[in-house]
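Listed below are the residues making up each chain.
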Amino acid sequence: MSPLLFEMAMLDYNMVQAIYQTNVKAMSKWWRKLGLGNNLSFARDRLTESFLWSIGIFSEPESGYSREVNTKVIQLVTSIDDIYDLYGTLGELELFTDVVDRWDVNAMEQLPDYMKICLLSVKECVDIRFKQSSISLVPHRLGEKLEVIEEAIKKSPLLLLSTQYLM
């Protein structure tokens, strides 16, 4: 191998690693600010693992936004999964599911504090994402969107299998 080619490859590698480092610093700042790791002591706090999964999916240096969104989704879904699998009682979980299905902030008052914290964090992330994309998230429209997603899942065997795995 030519020394020049090796030097260029090392330079490219170091540039990509610097981009990843910047991404993971931003994700770490977001996670600390969100506070789910501290407020939900029972939940898995695996930001680095989530980020590495995102790198596996979006490895190109210019895909930073996709890595960010994917990492956030993995972290939030993991926290919700831990609420369902580790901590919540059946009654609390039924109530939580109902509040999420309706996406009703007023109904959150009935939830235990740890569920309120999680749901408010999810809502904050969703609101920020929709504001950035100029899409309106009106509750009655959310129900329509969820129905479209449910129909798509029913029609696709692969999506059906993946959702059954998640449930």
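Here is what the cut-offs are and how they apply
- Residues numbered from 1 in each chain as written.
- Predicted model: local features only at pLDDT ≥ 70, side-chain atom pairs only at ≥ 80, totals over all residues.
- Heavy atoms only, no water.
- Helix = DSSP H or I, 4+ residues; strand = E, 2+ residues; numbered from the N terminus.
- Buried < 20%, exposed > 50% of the residue type's maximum accessible area, 1.4 Å probe, protein only.
- Axes fitted to C-alpha atoms, helices over the stretch in contact; angles between N-to-C directions.
- Left-handed = near helix turned anticlockwise from the far one by under 90°.
- Contact = heavy atoms within 4.5 Å.
- Nonpolar A, V, L, I, M, F, W, Y, C, P; charged D, E, K, R; others polar.
- Salt bridge = Lys/Arg side-chain N within 4 Å of Asp/Glu carboxyl O.
- Expected span 1.5 Å × (residues − 1).
- Arc of directions from axis to C-beta.

A.B. asks: Honestly, the environment of Tyr 65 in this entry has me stumped. Any pointers?
C.D. replies: Note that Tyr 65 resides in helix α4 (residues 64–87). Looking at Tyr 65, the relative accessible area reads 49%, which means it is partly exposed. In this structure, the C-alpha to C-alpha distance between Tyr 65 and Asn 23, residues 42 residues apart in sequence, is 8.9 Å.

A.B. asks: So what exactly am I meant to see when it comes to the packing of helix α1 (residues 3–34) against α4 here?
C.D. replies: Describing two packed helices takes the angle between their axes plus the distance from one axis to the other. Here α1 crosses α4 at 35°, and the two axes come no closer than 10 Å. Here α1 and α4 pass one another in a crossing that is right-handed. Contacts between α1 and α4 involve Ile 19, Tyr 20, Asn 23, Met 27, Trp 30, Trp 31 and Leu 34 from the former and Gly 64, Arg 67, Glu 68, Thr 71, Lys 72, Gln 75, Leu 76 and Ser 79 from the latter. For the contact of α1 with α4, the residue count by class is seven nonpolar, five polar and three charged.

A.B. asks: Which parts of the structure should I look at to understand the pattern of salt bridges?
C.D. replies: A pair can form between side chains of opposite charge whenever their charged atoms are brought close. Across all of its chains, the model carries seven salt bridges by this definition. In this structure, the salt-bridge partner of Glu 109 is Lys 116, at a minimum N-O distance of 4.0 Å. Judged by relative accessible area, Glu 109 falls into the exposed class, the value being 60%. Among the charged side chains, a network of salt bridges with common partners joins Arg 44, Asp 81 and Asp 82.

A.B. asks: Whenever I open this one, helix α5 (residues 90–102) confuses me. Can you help?
C.D. replies: An α-helix turns once every 3.6 residues. As a result, residues three or four positions apart point the same way. In this model, α5 (13 residues) spans 18 Å end to end at C-alpha, consistent with the 18 Å of a helix rising 1.5 Å per residue. Regarding α5, the residues found buried are Leu 93, Phe 96 and Val 99. Angular distribution of buried residues about the axis of α5 spans 125°; they occupy a single face of the element. Turned more than 90 degrees away from the buried face of α5 sit Leu 90, Glu 94 and Asp 101, all of them exposed. A positive backbone phi angle near 50° is found at Trp 103, which sits one or two residues after α5.

On their own, these measurements won't tell you what the molecule is for.
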